[in-house]
Structures are given as structure tokens and as C-alpha cells.
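Single-letter residue listing:
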Amino acid sequence: MVHGVRLYAAVAAGAFRRYATYRGATFAGIFTNTVFGLIIACTYTALWDERPHLGGYDQAQALTFVWVGQAMFSVMMLGVPSGFESELAERIRTGDIAVDLYRPADLQCWWLAQDLGRAVFQLLGRGVVPMAVGALLFDLALPTGPGPWLAFCVAVLLGMLVSFALRYLVAMSAFWLLDVRGVAQMYGITATFFCGMLLPLNVFPGTIGEVARLLPWAALLQVPADVLMGTDGGRGVGGGYLFQAAWAAGLLAVGRLLQATATRRVVVQGG
């Protein structure tokens, strides 16, 4: 057990160092997130000037949501996924996955450790600076005490698990589709819409808003942002954590089921 924990910790640390070497890409990402944050923030300012308290947010909360979204964009892969899932899908397509399945390490845990290492780097490397720029240029509804920030970090960690679980399913579809680019594109469109990157989910009207807030993508941005600002809509921090944890557990379980099915398929074909 201890050996397994050390192994996956080493994998996560290696992924962190790997992404840390791409300094040019990191600076470009910071610049891009900051510019898009400024554009969206100006748009939100105009919208909330016309519709104060839209979706239950005041203008400061709406602007905070914008910059939390920019900070989380690469952490949660809120657009078209471009992380481990591409590499894993390629290994499935070429058949190299057979070697991975026979290794004395759990496939899902291995890739989860890699993705957590990547996400932590993206949080520190591409999340902090855009958020700081937003706080300097706009009046944001940020907490002053450490408690909400610690609660936010927990929500971000749980969101990372949900994000990984969703994208692991995208990668696993390669066992049946071989080429997952179409699935990845559809995932990116769905994730962008239902995570709140276009508009906070509490702005969505009627049934579509209720459904959007129940889907797993809400755990990636909407829940962490509400935990940070204390705008949980009556669900409370604990309710937000429970929502995220339930989706993470369910999706990871489905991923393990697909992994087991794929493993049996590889063993039968190999035998």
C-alpha cells in the first residue's frame, strides 16, 4: 500500500515537472487567459449594468465568477480536452495499451496521478496570475479570511477528480471507436456550455438551468466559484462537496468498469 502511494506520488510529481518545463506555453496561456478574462469581464459589466442581480449575483460576484473561470480553465480542461486523454487514446489505438494493462500498476490510478500533477501546476502556473490581474483591475467579491479559500481549494480538488473521470471516459471510448477526436470535440462543446464558462449556470432559465446545475460539469466551475463566494443557493459548502464527490465516485466507477471490460477484451485477443 505504501509502495503504491509512493509510486503514484512520484508519477504526479513527474507530471508537475514535465509541464513546468514548458515555460513559453505557460506564459502564453497566462496572457490568453488574462486577455479573455478582460473581454468577458467588460461584457459582464455591461450586462450586469442592465440587469443588476442577474441570476442572484451582484456585479462584483459576476466578475469574480469570470476570473475564477479563467483561473480554472486549464486546471479543469473546460474546453476541448488536450491532456492525458489524447496520449491514452493513442496508446489504445496503437495497441500499446496491452503493455500498460499488464504492468503492476492500476491504469486509472496511474493516469489520475499524472492528471493531478498537471492540474496542480496549471493552478499555480496559469491560475494565480489571471486571478490577481482581475482583482487589481476590478472590484471582486473575494473573501478576506483563510477559511473560504481553504474551502475553495477542497472544491477545486474534487472538481479535478470529476474532470479527470469525465475525460477518462472519453479516452476509454477509443477501445470501441479508435478515433476519439469527434468524442473529444463534443465533450469540449458540452463542457464549455454546461460548466458555466459562457454564463453562470444560475443565469440559465427554467428547466435547462435546473438540469445544468445537476450535471457533472457544474462541479468543475460553478460549485468551486460558489464555495469561494459563499453563493451556494442554499446547498451549503457541504452540499457542494457532496455533489462533487458523488459525481466523482460514480464516474470513476464507470471508468473502472470500462477498464475491466477492455482488459478482458485485450486478454482474450492476446490469448
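That block above? That's the structure.
Residues numbered from 1 in each chain as written. Predicted model: local features only at pLDDT ≥ 70, side-chain atom pairs only at ≥ 80, totals over all residues. Heavy atoms only, no water.

Undergrad: Summarise empty space enclosed by the protein; cite the residues concerned and give the values.
TA: Applying the stated criterion to the full structure yields two cavities of 30 Å³ or more. Reported here for the largest cavity is a volume of approximately 50 Å³. In terms of lining residues, the largest cavity is bounded by Ile40, Tyr44, Phe65, Val66, Gly69, Gln70, Gly196, Met197 and Leu221. Considering every element that reaches the lining of the largest cavity, the biggest residue donor is helix α3 (residues 59-72), with four residues. When grouped by side-chain class, the residues that make up the lining of the largest cavity number six nonpolar, three polar and no charged. Reported here for the second largest cavity is a volume of approximately 40 Å³. Forming the boundary of the second largest cavity are Val223, Asp226, Val227, Asp232, Arg235, Gly236 and Gly240. For the lining of the second largest cavity, the secondary-structure elements that each account for two or more residues are α11 (222-229) and α12 (236-270). By residue number, the principal contributor to the lining of the second largest cavity is α11, which donates three residues. Per-class residue counts for the lining of the second largest cavity are two nonpolar, two polar and three charged. (1 Å grid on protein atoms, 1.4 Å probe; cavity = no way out; pocket = protein on both sides within 12 Å on 5 of 7 lines; lining within 4 Å. Points joined across faces, edges and corners; volume = space filled by probe spheres on them. Helix = DSSP H or I, 4+ residues; strand = E, 2+ residues; numbered from the N terminus. Nonpolar A, V, L, I, M, F, W, Y, C, P; charged D, E, K, R; others polar.)

Undergrad: Describe the nonpolar core, and please don't skip the residues or the numbers.
TA: Ranked by internal contacts, the top residues of the largest apolar core, which has 71 residues, are Val68, Met72, Met76, Leu78, Leu88, Trp217 and Leu221. When sequence neighbours within four positions are dropped, the list of residues in contact with Met76 reads Val156, Gly159, Met160, Ser163, Arg167 and Leu220. (Core = buried A, V, L, I, M, F, W, Y, C linked by side-chain atoms within 4.5 Å. Buried < 20%, exposed > 50% of the residue type's maximum accessible area, 1.4 Å probe, protein only. Contact = heavy atoms within 4.5 Å.)

Undergrad: Could you give an account of the side chain of Asn33, with specific residues and numbers?
TA: Along the chain, Asn33 falls in helix α2 (residues 23-50). Given a relative accessible area of 3%, Asn33 falls into the buried group. Side-chain polar atoms of Asn33 contact the side chain of Gln70, separated by 3.4 Å. When near neighbours in sequence (up to four residues on either side) are disregarded, Asn33 contacts Trp67, Gln70, Phe73, Ser74, Arg126 and Pro130. (Polar contact = N/O pair within 3.5 Å; in protein donor to acceptor, adjacent residues only side chain to side chain.)

Undergrad: Just give me the short version of helix α4 (residues 84-94), but keep the residues and values in it.
TA: Turning to α4, its buried residues number three or more, namely Phe84, Glu85, Leu88, Ala89 and Ile92. All buried residues of α4 fall inside an arc of 125° around its axis, so they share one side. Residues of α4 that are buried make contact with α5 (97-102), α6 (107-137), α7 (146-172) and α8 (174-177). (Arc of directions from axis to C-beta.)

Undergrad: Outline the pattern of salt bridges, supporting the account with residue identities and numerical values.
TA: Tallied over the full model, the rule gives eight salt bridges. Salt-bridge contacts for Glu85 lead to Arg167; the nearest nitrogen and oxygen are separated by 2.9 Å. With a gap of 82 residues between them, Glu85 in helix α4 and Arg167 in helix α7 connect regions that are remote in the sequence. As far as burial versus exposure is concerned, Glu85 and Arg167 are alike and both buried. One salt bridge connects Arg181 with Asp179, and the closest N-O pair in it is separated by 2.7 Å. A relative accessible area of 62% places Arg181 in the exposed class. Each member of the salt-bridge network shares a partner with another, and the members are Glu85, Asp115, Arg118 and Arg167. (Salt bridge = Lys/Arg side-chain N within 4 Å of Asp/Glu carboxyl O.)

Undergrad: Give me the lowdown on the packing of α2 against α3, citing residues and values where you can.
TA: Contact geometry for α2 and α3: axes closest at 9 Å, N-to-C directions at 160°. Comparing the axis directions of α2 and α3 gives the class roughly antiparallel. Taken as a pair, α2 and α3 cross one another with a handedness that is right-handed. Mapping the contact onto sequence places Asn33, Thr34, Phe36, Gly37, Leu38, Ile40, Ala41, Tyr44, Thr45, Trp48 and Asp49 in α2 and Gln59, Ala62, Leu63, Val66, Trp67 and Gln70 in α3. In the contact of α2 with α3, the residues fall into 10 nonpolar, six polar and one charged. (Axes fitted to C-alpha atoms, helices over the stretch in contact; angles between N-to-C directions. Parallel < 35°, antiparallel > 145°, perpendicular 65-115°, else oblique. Left-handed = near helix turned anticlockwise from the far one by under 90°.)

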